[in-house]
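Structural features, examined
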Amino acid sequence: MLTNLTVPLLGLVDTAVLGHLDTPEYLGAVAIGANLFSILYWTFGFMRMGTTGLAAQAWGKRDEFAQIALLLRSVLLASGIGLLLILFHQPLIRLGLHLMNPSERVAALAAEYASIRIWSAPAVLCQYTLVGWLIGTQLPKGPMVMLIVANGLNIVLDIFFVTGLGWNSRGVAMATVLAEYSAAAIGFRMVLARMPAGQGFTRALFGQLEDYLKILRVNRYIMVRTIALLLVLAFFTAQGARQGDTILAANAVLITFLLVISNGLDGFANAAEALIGEAVGKKSRSQFRNVFRVAFRWSLWGSMLFTIAFVLGGRFLISLLTSIDEVRTTAWIYLPWLWMLPLASVWGFLLDGVFIGATRTRDMQNTMLFSALAVFLPVWWLTTEWGNHGLWFSLICLMLSRAASMGWLFMNHSRHDRWFSEQ
């Protein structure tokens, strides 16, 4: 949880630094730009989630060679994908901005932000594999130290570049790039310290082309699921942008709190990934049941605490992030939707952890596609007259649909003892 909460903390600082400038355009530009990079980077989020499940199962089997080979191959794959993103970033950014259709001034600022931020691609994707591997091999303190140090640096640079040098959204992008490479460097140092004594980089560890294709095949379902989720969030941002810069900025403030909720509650899901994966590797049904019960209980308490915090302190927190009156008062109008999100979304987060640990990723893909196509879009279309309220209602329905569909599959697999069978 501590590791994950450093991620939205950075977004909170970005929002607070830009939210106290004299115009909402900078805040809107970073909201658009950050959304583009959420899509670009988390399209390959399987480098984190898939690595955790596979590493946890190798850990459960006590197979050191499989653990090290997985890490090396995943890092090489992540580096290659990151370099390709840099190579083709201009058409990707142009397409993303065209689809989101912000105002002309916001689009220009977002393009400038994106042209700087893209240089962090190899570092970000390598981080995904390093964090996934460290969680899977049950060293959660590693990612915590790695991300706290890096995000702390990012916050300091944010304030220096934006407030000190007056670089606005450009400064936020530069701070993020420098922090991402710092995080990757710390992560590499930690995994090297975990290598067995005398372990060299043998040819067998690097493997063949088929080994890399296998990683992609195993994780293709996570990739499709992640793209579907990110497209929903991009659609949400784009629809907000079509309602004006003020709605866009207000939604950006509230979505920052959604990231706090999701990253905080994902701590229990990450623990479930590692421990469920270990249980599946050891074929221990009792450990599987115990892990799920404990994770379920803590997830419930965590979601209730977040709900109470935003009900009691939501207006105050919004005021901390922005002093622009029109943005602040608009965000207050839609704050009650944020109160509903923790309890609506926590079950999808928890079950993601269970399905990733058990490498039942096809189920994750199918439930997300169902929730996005059969629930979110129809609900949004039916509630377009509600304006931004309809947009938030659609997002709540998406979360509830994920929880219901994944919950049904969880009970079905448990009833027929399929968690430990070959897929």
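Everything below is about the structure printed above this text.
One structure accompanies this document, and this report is about it. (Residues numbered from 1 in each chain as written. Predicted model: local features only at pLDDT ≥ 70, side-chain atom pairs only at ≥ 80, totals over all residues. Heavy atoms only, no water.)

**Description of the overall build of the protein chain**
- A tally of regular secondary structure across the protein chain gives 16 helices and 0 strands.
- For the protein chain, whose C-alpha radius of gyration is 21 Å, the value lies close to the compact-globule estimate of 22 Å for 423 residues.
- By its C-alpha atoms, the protein chain is 55 × 45 × 35 Å across when sized along the principal axes.
- Counting the 423 residues in the protein chain, one finds 58% classified as buried.
- Considering only contacts within the protein chain whose residues lie at least 6 apart along the sequence, 84% involve residues at least 24 apart.
- For the protein chain, the accessible area works out to roughly 17900 Å², and carbon and sulfur atoms hold 68% of it.
- Put simply, the protein chain has 30 plus and 22 minus side-chain charges, and the middle of one group is 11 Å from the middle of the other. (Helix = DSSP H or I, 4+ residues; strand = E, 2+ residues; numbered from the N terminus. Rg over C-alpha atoms; globule rule 2.2 N^0.38 Å. Buried < 20%, exposed > 50% of the residue type's maximum accessible area, 1.4 Å probe, protein only. Contact = heavy atoms within 4.5 Å. Areas by Shrake-Rupley, 256 points an atom, 1.4 Å probe, with all protein chains shown as cover. Lys, Arg positive; Asp, Glu negative; His and termini not counted. Charge placed at Lys NZ, Arg CZ, Asp CG, Glu CD.)

**Description of helix α12 (residues 245–282)**
- With 38 residues, α12 should cover 56 Å at 1.5 Å per step; its first-to-last C-alpha distance of 53 Å lies within 8% of that length.
- Along α12, the sharpest change in direction is near 35 degrees and occurs at Gly-267.
- Of all 38 residues in α12, 31 are buried, a share of seventy percent or more.
- Positive phi shows up at Lys-283, right after α12, with a value of about 55 degrees. (Expected span 1.5 Å × (residues − 1). Bend = angle between axes of the 7 residues up to and from the residue.)

**Examining the packing of α12 against helix α16 (residues 388–415)**
- Here α12 crosses α16 at 25 degrees, and the two axes come no closer than 12 Å. Overall, the two elements α12 and α16 adopt an arrangement that is roughly parallel. The crossing of α12 and α16 is right-handed. Seen from α12, the contacting residues are Ile-247, Asn-251, Leu-254, Ile-255 and Leu-258; seen from α16, they are Asn-388, Leu-391, Trp-392 and Leu-395.
- Taken together, the residues that form the contact of α12 with α16 break down as 7 nonpolar, 2 polar and no charged. (Axes fitted to C-alpha atoms, helices over the stretch in contact; angles between N-to-C directions. Parallel < 35°, antiparallel > 145°, perpendicular 65-115°, else oblique. Left-handed = near helix turned anticlockwise from the far one by under 90°. Nonpolar A, V, L, I, M, F, W, Y, C, P; charged D, E, K, R; others polar.)

**Structural notes on the side chain of Glu-273**
- Following the sequence through the fold, Glu-273 ends up in helix α12.
- For Glu-273, the contacting residues outside a window of four places in its chain are Arg-48, Thr-52, Ala-56, Gly-353, Ile-356 and Gly-357.

**Quick look at the environment of Phe-288**
- Along the polypeptide, Phe-288 turns up in helix α13 (residues 285–321).
- Put simply, Phe-288 and Gly-277 are 11 residues apart on the chain and 8.7 Å apart in space, counted from C-alpha to C-alpha.
- Excluding anything up to four places from it in sequence, Phe-288 contacts Ile-276, Ala-279, Val-280, Val-354, Phe-410, Trp-419 and Phe-420.

**Regarding unusual backbone geometry**
- Non-glycine residue Lys-283 carries a positive phi angle of around 55 degrees.
- Here Lys-283 shows up in the loop between α12 and α13.
- Of note in the backbone geometry, Asp-417 takes a positive phi value of approximately 55 degrees without being a glycine.
- Along the chain, the position of Asp-417 falls in the segment after α16.
- Given a relative accessible area of 38%, Asp-417 falls into the partly exposed group.

**Some details on the nonpolar core**
- In this structure, Tyr-41, Leu-85, Phe-288, Phe-355, Phe-410 and Trp-419 are the most contacted members of the largest nonpolar core, which totals 77 residues.
- Per-element accounting of this core gives the leading share, 10 residues, to helix α7 (residues 121–136).
- Dropping the residues within four chain positions of it, Phe-355 is found in contact with Arg-360, Thr-361, Asp-363, Met-364, Met-406, Leu-409, Phe-410, His-413 and Trp-419.
- In this structure, Ala-250, Ile-255, Trp-392 and Met-399 belong to the second largest nonpolar core, which totals 40 residues. (Core = buried A, V, L, I, M, F, W, Y, C linked by side-chain atoms within 4.5 Å.)

**Focus: the pattern of salt bridges**
- Summed over all chains, the structure comprises 6 salt bridges.
- As a salt-bridge pair, Lys-282 and Glu-278 come within 3.7 Å of each other at their nearest N and O atoms. Residue Lys-282 and its partner Glu-278 are both found in helix α12; the two are separated by 4 residues, about one turn of the helix.
- With its nearest N and O atoms 2.7 Å apart, the salt bridge here joins Arg-402 to Asp-352. On the criterion of sequence distance, the pair formed by Arg-402 in helix α16 and Asp-352 in helix α14 (residues 325–357) is long-range, its members being 50 residues apart.
- Taken together, the salt bridges that share partners define one network made up of Arg-62, Glu-278 and Lys-282. (Salt bridge = Lys/Arg side-chain N within 4 Å of Asp/Glu carboxyl O.)

Just geometry here; none of it tells us what the structure is for.
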